[in-house]
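Take a look at the letters that make up each chain.
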Amino acid sequence: MSAVEPIPEERSHHPERVRLRFEQADGATKEARVPAGTTLFDAASWTAVAIDSTCGGHGTCKKCKVRVASGSVGISAVDPRAFEPAELKAGWRLACRAEASEDVVVEVPPLLTRPKAALAGVGRHVILRPAVQKRYLELAEPTLEDQTPDLDRVLAAMDDLELRAPLELVRGLGRTLRDADWKVTAVLCDDELIEVEAGDTTARRFALAFDLGTTTVVANLLDLETGLPAAVRSMLNAQQPFGADVISRISAVMMDPAALGVLRERAHETLAELTAEVLEEGGVEPGEVYEIVVAGNVTMIQIALGIDPEPLSMAPFTIAAQTLPHAQAADFGVAVHPRAPAVLFPALGAYVGPDIVAGILATGLTLDRRTRLFIDVGTNSEIVLGSSSEALACAAPAGPAFEAAQIRCGMRAADGAIEGVKIRDGEVELTVIGDVEPVGLCGSGLVDAVAELVGAGVLDASGKFVAGSSERLGKIGEETVFRLTDDVFLSQRDVRELQFAKASIATGWTILCKDLGIRPEEISQVLLAGSFGSYLSAASAVRIGLVPKLPLTRIVSAGNVAGEGAKIAALSVQERAAAHAVLDEVEYVELSGRADFNDLFIDQLAFPA
């Protein structure tokens with residue numbers, strides 16, 4: 001092979017990466033910089049270059065043929081079965097087995113059949129390539145002349161793979177093979193043979209994707225044959241009695257070490273109940289779920305696994321591990337296949353955790369050349385700013401205002417909660433969840449109310465009510481309030497709570513802009529994530545200064561991106577690699593030690609003119 005052709009170099013923040021150029025049959029060329037050791041198939045998938053495959057990149061269909069035109073890629077054990085010696089010499093390789101260890105140029109033949117695709121995440125097409133695979137085997141029965149051991153017989157039928165088998169599987173293997181008359185289905189998860197089932201069960205394989213939130217837990221049952229959800233359910237986290245936020249739950253453990261066990265049980269109860277519900281709704285047996293994926297913040301994940309969260313609560317805010325050791329579904333109390341693994345996301349820091357990495361994966365923030373701002377709005381608001389060239393992340397302690405926990409008339413987003421407010425010619429128009437009589441104010445209603453009052457001149461730039469500006473202004477005790485209804489009001493203290501929360505977030509993205517050397521108006525898109533972000537009005541967010549002053553079309557709701565990221569990881573092993581690459585692509589910025597934080601925070605308290 002010739003030396004690699006020169007590819008224009010950019011200043012790289014990731015020297016451990018290699019640059020790939022894909023030259024497609026239609027003349028289009030795409031380039032990617034990926035971690036060394038990434039297969040050409042995975043790199044092509046990340047770069048939206050379609051390479052033919054029917055096995056999903058597991059090296060069995062031998063259709064993902066590409067030619068390495070420049071650079072060097074080794075010959076895998078499977079390549080000689082797919083190509084003649086002259087083709088191998090000419091650079092032909094199976095993309096799913098070709099690992100790039102240096103810069104290469106790859107010629108991609110015309111696509112013969114379009115690969116299966118699942119639409120998941122926020123506007124992202126994901127190549128359907130789950131870790132869970134099935135192989136139907138018809139094995140020869142042992143004889144005196146052929147005394148091959150049972151496990152060796154099964155593995156020999158899949159000699160294109162290097163598999164390991166746990167002892168638990170071997171215990172029942174002999175009986176399964178003989179009862180099934182040697183016609184069985186092997187269930188593979190990555191490089192492990194986790195089950196051998198009687199008959200042909202290749203059409204049935206499922207996974208569970210969880211978003212283990214502090215407040216709400218969501219479960220998605222996914223059909224791995226189609227990539228489509230079979231069922232979805234959500235419920236409040238049963239840990240709620242220990243407090244509404246992670247700090248209160250960590251405090252519970254600090255005050256009583258036995259609370260860790262109780263909190264872990266509550267998490268397991270929640271996950272188990274949701275599992276039972278989605279399995280019943282989807283008509284799926286527990287043993288047909290061969291893998292689970294769990295996204296959540298660091299505190300929720302550590303508590304669910306029984307790891308002491310106390311070091312997360314005090315400087316220097318230490319996490320147990322950026323990438324936790326291998327876990328099983330049973331470690332989360334989820335009763336599915338007994339050998340089902342639990343896939344976890346890495347963490348950038350104590351308060352920019354696996355749920356944010358899942359969100360980055362879902363939004364494709366580090367794959368996009370545009371500079372985008374991602375904000376997961378909540379008690380602890382996580383912020384990521386950047387693009388495929390460079391990205392920064394931080395956590396902004398916004399407090400409970402967005403959850404309406406410390407608001408005088410605050411409540412959860414449930415029936416009776418005011419979620420939208422408009423003031424037209426002095427008249428107040430309310431949008432109430434459930435179309436019932438309003439009984440309180442949820443987070444999105446709070447932001448709307450303050451934004452509308454600023455716009456109407458009832459609140460000045462400092463956040464103080466303007467005396468005589470509205471007939472709805474009054475007093476409760478010594479405090480000025482604005483009455484939305486006879487029973488629901490907004491107090492001066494409520495406004496201050498929101499100001500502190502929005503100032504914390506605005507300071508966060510201001511610092512990230514400063515560190516990246518860009519102006520806020522250069523941001524191409526703002527993604528508002530999380531349950532609260534889904535219902536937040538873009539116009540109100542701009543009016544109070546929560547997000548940069550940009551055209552409203554640039555501000556979008558990203559929805560439950562943590563859950564979407566978990567689904568993507570269940571559907572695609574190459575996307576899992578992308579999730580772990582986030583640790584190299586995104587730099588964590590600790591705000592608590594910044595000398596400029598306080599001054600910038602004070603500047604952000606006022607509402608924009």
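Along each chain, numbering runs from 1 in the same order as the chain's sequence is written. Local features in this predicted model are restricted to residues whose pLDDT is 70 or higher, and side-chain atom pairs enter the listing and the counts only when it is 80 or higher, whereas totals over whole chains, interfaces and linings include all residues. By convention in this description, side-chain values take in all heavy atoms of the structure and omit both hydrogens and water.

## Remarks on the overall build of the protein
Alright, step 1. Segments assigned H or I by DSSP are reported as helices when at least four residues long, segments assigned E as strands when at least two residues long, and all are numbered from the N terminus. A tally of helices and strands in the protein yields 16 helices and 28 strands.
Alright, step 2. Taking 609 residues into account, the globule formula puts the C-alpha radius of gyration at 25 Å, and the protein, at 27 Å, falls close to it.
Alright, step 3. With the C-alpha coordinates of the protein rotated into their principal frame, the extents come out at 100 × 55 × 45 Å.
Alright, step 4. Looking at the protein residue by residue over its 609 residues, the buried ones come to 54%.
Alright, step 5. In the protein, the share of contacts with a sequence separation of at least 24, taken over all contacts with a separation of at least 6, comes to 65%.
Alright, step 6. If you sum the accessible surface of the protein, you get close to 25700 Å²; carbon and sulfur atoms cover 51% of it. Atoms considered for the radius of gyration are the C-alpha atoms alone. The globule rule reads 2.2 Å times the number of residues to the power 0.38. Categorising residues by exposure relies on relative accessible area from a 1.4 Å probe, with only protein chains included: less than 20% of the type maximum marks a residue as buried, more than 50% marks it as exposed, and the intermediate range marks it as partly exposed. Should any heavy atoms of two residues lie within 4.5 Å, those residues are considered in contact. Residue-level accessible areas treat just the shown protein chains as cover; the underlying method is Shrake-Rupley with a 1.4 Å probe.

## A short note on the packing of helix 9 (residues 354-363) against helix 14 (residues 561-571)
Alright, step 1. At a minimum axis distance of 7 Å, the contact between helix 9 and helix 14 shows a crossing angle of 75°. In terms of axis orientation, helix 9 runs roughly perpendicular to helix 14. Every residue of helix 14 that contacts helix 9 at Asp-355, Ala-358, Gly-359, Leu-361, Ala-362 and Thr-363 is listed here: Val-561, Ala-562, Glu-564, Gly-565, Ala-566 and Ile-568.
Alright, step 2. Split by residue class, the contact of helix 9 with helix 14 holds seven nonpolar, three polar and two charged. All axes are obtained by fitting lines to C-alpha atoms, using only the stretch in contact for helices, and the reported angles, taken between N-to-C directions, cover 0 to 180 degrees. The cut-offs work like this: below 35 degrees is roughly parallel, past 145 is roughly antiparallel, 65 to 115 is roughly perpendicular, and the gaps in between are oblique. Just so you know the grouping, Ala, Val, Leu, Ile, Met, Phe, Trp, Tyr, Cys and Pro go in nonpolar, Asp, Glu, Lys and Arg go in charged, and all remaining residues, Gly too, go in polar.

## Here's the deal with the sheet that holds strand 24 (residues 479-483)
Alright, step 1. Paired strands, as defined in this entry, are two strands with at least two bridges between them according to DSSP. Strand order across the open sheet formed by three strands is 23-24-25, with antiparallel pairing between neighbours. The open sheet is flanked by strand 23 (473-476) and strand 25 (489-491), the only strands paired with a single partner. Going across the sheet, the axis of each strand differs from the next one's by a mean of 40°, ignoring polarity.
Alright, step 2. For strand 23 and strand 24, the ladder comprises four bridges, and the chain directions are antiparallel. Across the sheet, residue Lys-475 finds its bridge partner in strand 24, namely Thr-480.
Alright, step 3. In this fold helix 11 (residues 492-516) packs onto strand 24 and strand 25, with an angle of close to 70° to the strand it touches most, strand 25.

## Some thoughts on the pairing of strand 16 (residues 341-344)
Where a strand is regular, its side chains alternate between the two sheet faces.
Alright, step 1. By the alternation rule, side chains of strand 16 split into Pro-341 and Val-343 and Ala-342 and Leu-344, which are all buried.
Alright, step 2. Pairing between strand 14 (residues 289-296) and strand 16: three bridges, direction parallel. Among the inter-strand pairings, Val-293 is bridged to a residue of strand 16, identified as Val-343.
Alright, step 3. Bridge analysis of strand 15 (residues 327-328) against strand 16 gives two bridges, and the strand direction is antiparallel. Residue pairing across strands places Gln-328 opposite Pro-341, the latter belonging to strand 16.

## Remarks on the pairing of strand 3 (residues 65-70)
Alright, step 1. Looking at chain direction, strand 3 and strand 4 (residues 92-94) are connected through three bridges and run antiparallel. The residue of strand 4 that forms the bridge with Val-66 is Arg-93.
Alright, step 2. Pairing between strand 3 and strand 5 (residues 104-108): three bridges, direction antiparallel. Counterpart to Val-68 in the pairing with strand 5 is Val-106.

As far as function goes, none of this settles anything; it's purely spatial.
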